[in-house]
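Breakdown of the fold
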Amino acid sequence: MSRRAVPFFCPYCGEQELEPHGDAGAWYCGSCDRRFTLRFEGLGAA
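This report concerns the structure included in the present document. On a predicted model such as this, the values are computed, not experimentally measured, just so you know.

**As for the overall build of the protein chain**
- When helices and strands are tallied, the protein chain shows zero helices and three strands.
- Looking at the protein chain as a whole, 17% of its 46 residues are labelled buried.
- At a minimum sequence separation of 6, the contacts of the protein chain that also span at least 24 residues come to 9%.
- For the protein chain, the exposed area adds up to about 4,100 Å²; of that, 49% sits on carbon and sulfur atoms.
- For the protein chain, the separation between the mean place of its 5 positive charges and that of its 6 negative charges on side chains is 8 Å.

**Let's talk about a nonpolar patch on the surface**
- A surface patch of nonpolar side chains, about 340 Å² in accessible area, is lined by Val-6, Phe-8 and Phe-9.
- Checked against the element boundaries, Phe-8 lands in the segment before strand S1 (18-21).

**Quick notes on the pairing of S1**
- Pairing analysis gives four bridges linking S1 to strand S2 (residues 26-29), with the strands arranged antiparallel. Note on S2: the bridge partner recorded for Pro-20 is Trp-27.
- Turn length for the S1-S2 hairpin, with the two strands adjacent in sequence and antiparallel, is four residues, and the turn residue Gly-22 shows positive phi of about 80°.

Procedures and definitions
- In every chain, residue numbers begin from 1 and rise along the written sequence.
- This being a predicted model, a pLDDT of at least 70 is required before a residue's local features are given, and a value of 80 or more before pairs of side-chain atoms are given or counted; all residues contribute to the totals for chains, interfaces and linings.
- Hydrogens are left out, water is left out, and the side-chain values use all remaining heavy atoms of the structure.
- Note on conventions: DSSP H or I runs of at least 4 residues are helices, E runs of at least 2 residues are strands, and numbering of each starts at the N terminus.
- Buried residues are those whose accessible area, probed at 1.4 Å on protein chains only, stays under 20% of the maximum for their type, while exposed residues exceed 50% and partly exposed ones sit between those limits.
- The contact rule is simple, with two residues in contact once any of their heavy atoms fall within 4.5 Å.
- Reported accessibility uses the Shrake-Rupley method at a 1.4 Å probe radius. Residues are deemed covered only where the shown protein chains occlude them.
- His is not counted, nor are the chain ends, whereas Lys and Arg count as positive and Asp and Glu as negative.
- Each charge is placed at NZ for Lys, CZ for Arg, CG for Asp and CD for Glu.
- Think of a patch as exposed residues, more than 30% relative accessible area, with no salt bridge, where like charges cluster within 9 Å and nonpolar side chains (Val, Leu, Ile, Met, Phe, Trp, Tyr) cluster within 5 Å.
- Just to be clear on terms, a salt bridge is a Lys or Arg side-chain nitrogen sitting within 4 Å of an Asp or Glu carboxyl oxygen.
- Two strands pair if DSSP finds at least two bridges between them.

No statement about biological role is implied by the geometric values presented.
See the structure below:
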């Protein structure tokens, strides 16, 4: 799995205190104590 970009802000609280979590592309926010993943679905109509 190649990572092309990283999130700059937490989607829940908007803070920038993010660090990678695990090997599956998950992220951890130290501000709101949440773990999340982001996934790109594609461009245009499915």
